[in-house]
Amino acid sequence: MAIATVDPATGETLKTFDALDASGIEDRLARAEQTFRAYRTTTFAERGELLRNAAGLLEAGQDGIARTMTTEMGKPLAAARAEAAKCAKTMRWYADHAEELLADEVPDPADAKDAGASRAYVRYRPLGTVLAVMPWNFPLWQVIRFAAPALMAGNTCLLKHASNVPQTALYVEDLLRRAGFPEGCFQTLLVGSGAIEDILRDRRVAAATLTGSEPAGRSVASIAGDEIKKTVLELGGSDPYIVLPSADLDAAVRTAVTARVQNNGQSCIAAKRFIVHTDVYDEFAVRFTERMAALTVGDPMEESTDVGPLASEQGRADLEELVDDAVNRGAAALCGGKRPEKLTAGWFYEPTVLAGITPEMRIHREEAFGPVATLYRVNSLDEAIATANDTPFGLSSNAWTRDEEEQQRLVRDIEAGGLFFNGMTASHPALPFGGVKRSGYGRELAGHGIREFCNATTVWHGA
């Protein structure tokens, strides 16, 4: 795949970039290692000041980077601005909280004495250089949510971003440099996916984090495992959105639309499977379909646009295959199911609602990465839970019920890394984020995320 900015609203290639050669990669690896030796000794206060500088610069240039993201991957401009603002918020959060999150952990004095120590504690120390392999769908947020904690912990970072968002990738490196981070703290590697293995196997890379597809995660995990290196993986999701009879149906329907089409439907944590109790199914289906069909599809630079293009021609083709397979096997398209007739350029697809899904359909098992929702009718809470868990993924989940007993059952039984009641899944720097099953392992954000790439060192003092 070429490293290039291709406008998904028009299909036009706007800018191409040369991939780094072996010498360029070596220079960056050497610089990252050299910088780590000194950067690891800086204080939390020093790192925090640099990260706050970056947050301020990001906010000052928010509109520019938002337009770059929209141009490169097609998200509506308003969503791109919100993404930039969220990144600035997260940088400030880690600047404010990293020291307390990584404070020494001191055991009970009686336990230290029992271990033969006059005192003992656990100290969190940085691992070294972390390689991040990041996707295009949230091209700024995905990077910042790994980089902010990694840098605050004292690590250095290498970014291999998706090849269709090179300008966003280069922007992050430039942003952190302008904020005052030393050369080598954060470097963007403009390379193809074929270069990842050698970089990950290099002794100067201590660990890796990947957000992306299941095959990409399997590849990175196997290479890292062979090298005995730590990894964090956030892979696909097919999140359930359960609606039970006690739900506020107005809010459930309204939120369901946003939860499905956020980021043009290209989000791992977007609600994808709408599992609705039979008592409210008919009303939910009608109202949900009406709202989906009423969305404005068009130029993502226009403020009135609800849904822009998919990020790539291949992505749209993959989505079309899933929808066509379902319809050919008996599913009903309540709305959408095709390309918009008036948008002949670019990679647009109509917001779609499919009903009558059966296990034989590919879309029942595979992630639909685009504005396509699937509807399921269930007769009980037990059936809702079974349907929700009938997926290889387990990233997040949503449930609409005001019944406390139902909520506790769902907390106990839903197989996912998150469960959001009476609202839609969202990430926040104070809450850990990640999945189970084939959605990956490890956690980003919160204290869990910053400690993923630290060495939890036991320190023991004799009498």
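Fair warning: this is a prediction, and the values are worked out from it, not measured in the lab. (Residues numbered from 1 in each chain as written. Predicted model: local features only at pLDDT ≥ 70, side-chain atom pairs only at ≥ 80, totals over all residues. Heavy atoms only, no water.)

J.: For this particular structure, what's the right way to read helix H15 (residues 404–413)?
T.: Along an α-helix, a turn takes 3.6 residues, which lines up residues three or four apart on a common side. What H15 keeps buried is the set Glu 406, Gln 407 and Leu 410. Taken around the axis of H15, the buried residues stretch over an arc of 100 degrees, which confines them to a single face. Away from the buried face of H15 by more than 90 degrees, exposed residues Glu 405 and Arg 412 are located. Those residues of H15 hidden inside the fold are in contact with strand E9 (239–243), helix H14 (381–389), strand E15 (398–400) and strand E16 (420–421). (Buried < 20%, exposed > 50% of the residue type's maximum accessible area, 1.4 Å probe, protein only. Helix = DSSP H or I, 4+ residues; strand = E, 2+ residues; numbered from the N terminus. Arc of directions from axis to C-beta. Contact = heavy atoms within 4.5 Å.)

J.: Looking at this model, I keep getting lost on the environment of Glu 234. Mind explaining?
T.: Along the chain, Glu 234 falls in strand E8 (residues 230–234). Spatially, the C-alpha atom of Glu 234 lies 7.9 Å from that of Gly 442, the residues being 208 residues apart in sequence. Beyond its immediate sequence surroundings of up to four residues, Glu 234 is in contact with Gln 142, Arg 145, Leu 210, Thr 211, Gly 212, Cys 268, Leu 395, Phe 433, Ser 439 and Glu 444. Polar side-chain contacts of Glu 234 include one of 2.7 Å to the side chain of Arg 145. (Polar contact = N/O pair within 3.5 Å; in protein donor to acceptor, adjacent residues only side chain to side chain.)

J.: How should I be thinking about the sheet that holds strand E10 (residues 271–277) in this particular structure?
T.: Strands sit in the order E11-E12-E13-E10-E9-E15-E16 across an open sheet of 7 strands; the sheet is mixed. The sheet is open, and its two borders are formed by strand E11 (332–335) and E16, each paired with just one other strand. When E9 meets E10, the two strands line up parallel, connected through 5 bridges. The partner of Pro 240 across the bridge, within E10, is Arg 273. (Pairing = 2+ DSSP bridges.)

J.: Looking at this model, I keep getting lost on the pairing of strand E4 (residues 129–133). Mind explaining?
T.: A regular strand carries its side chains on alternate faces of the sheet. Taking burial as the measure, the 5 residues of E4 include 5 buried ones, the bulk of the element. Note that E4 and strand E5 (residues 156–160) share 5 bridges and pair parallel. Bridging across to E5, Val 133 finds its partner in Lys 160. Relative to strand E7 (residues 205–211), E4 is paired through 5 bridges, and the arrangement is parallel. Paired with Val 130 across the two strands is Ala 207, which belongs to E7.

J.: I tried to follow the sheet that holds strand E18 (residues 440–441) on my own but got confused; where do I start?
T.: Working definition: the strands of a sheet are paired by backbone hydrogen bonds and lie parallel or antiparallel to each other. Taking strand neighbours across the sheet as the criterion, the 6 strands line up as E6-E5-E4-E7-E8-E18 in an open arrangement whose pairing is mixed. Whereas interior strands pair on both sides, the edge strands pair on one side only; in this sheet they are strand E6 (186–188) and E18. Of the strands in this sheet, E5 and E6 are in contact with helix H7 (residues 166–178), which crosses E6 at around 155 degrees. (Axes fitted to C-alpha atoms, helices over the stretch in contact; angles between N-to-C directions.)

J.: I tried to follow the pattern of salt bridges on my own but got confused; where do I start?
T.: As a working rule, side chains carrying opposite charge can pair if their charged atoms are close by. Applying the stated criterion to the full structure yields 37 salt bridges. Here Arg 81 makes a salt bridge to Glu 303, at a shortest N to O gap of 3.0 Å. One end of the pair, Arg 81, is in helix H4 (residues 77–101); the other, Glu 303, is in the loop between helix H11 (278–293) and helix H12 (313–328), with 222 residues separating them in the sequence. By relative accessible area, Glu 303 is classed as exposed at 51%. Across the salt bridge formed by Arg 177 and Glu 173, the nearest N and O atoms sit 2.6 Å from each other. Taken as a pair, Arg 177 and Glu 173 lie in helix H7 at a separation of 4 residues, close to a single helical turn. Residue classification places Arg 177 among the partly exposed positions, given a relative accessible area of 35%. For Glu 173, a relative accessible area of 14% translates into the label buried. One salt-bridge network, in which partners are shared between bridges, spans Glu 173, Asp 174, Arg 177, Arg 178 and Glu 183. (Salt bridge = Lys/Arg side-chain N within 4 Å of Asp/Glu carboxyl O.)

J.: Any chance you could explain the environment of Thr 43 here in plain terms?
T.: Relative to the helices and strands, Thr 43 resides in the loop between helix H1 (22–39) and helix H2 (44–60). Each C-alpha atom of the pair Thr 43 and Gly 154 lies 8.6 Å from the other, and the pair is 111 residues apart in sequence.

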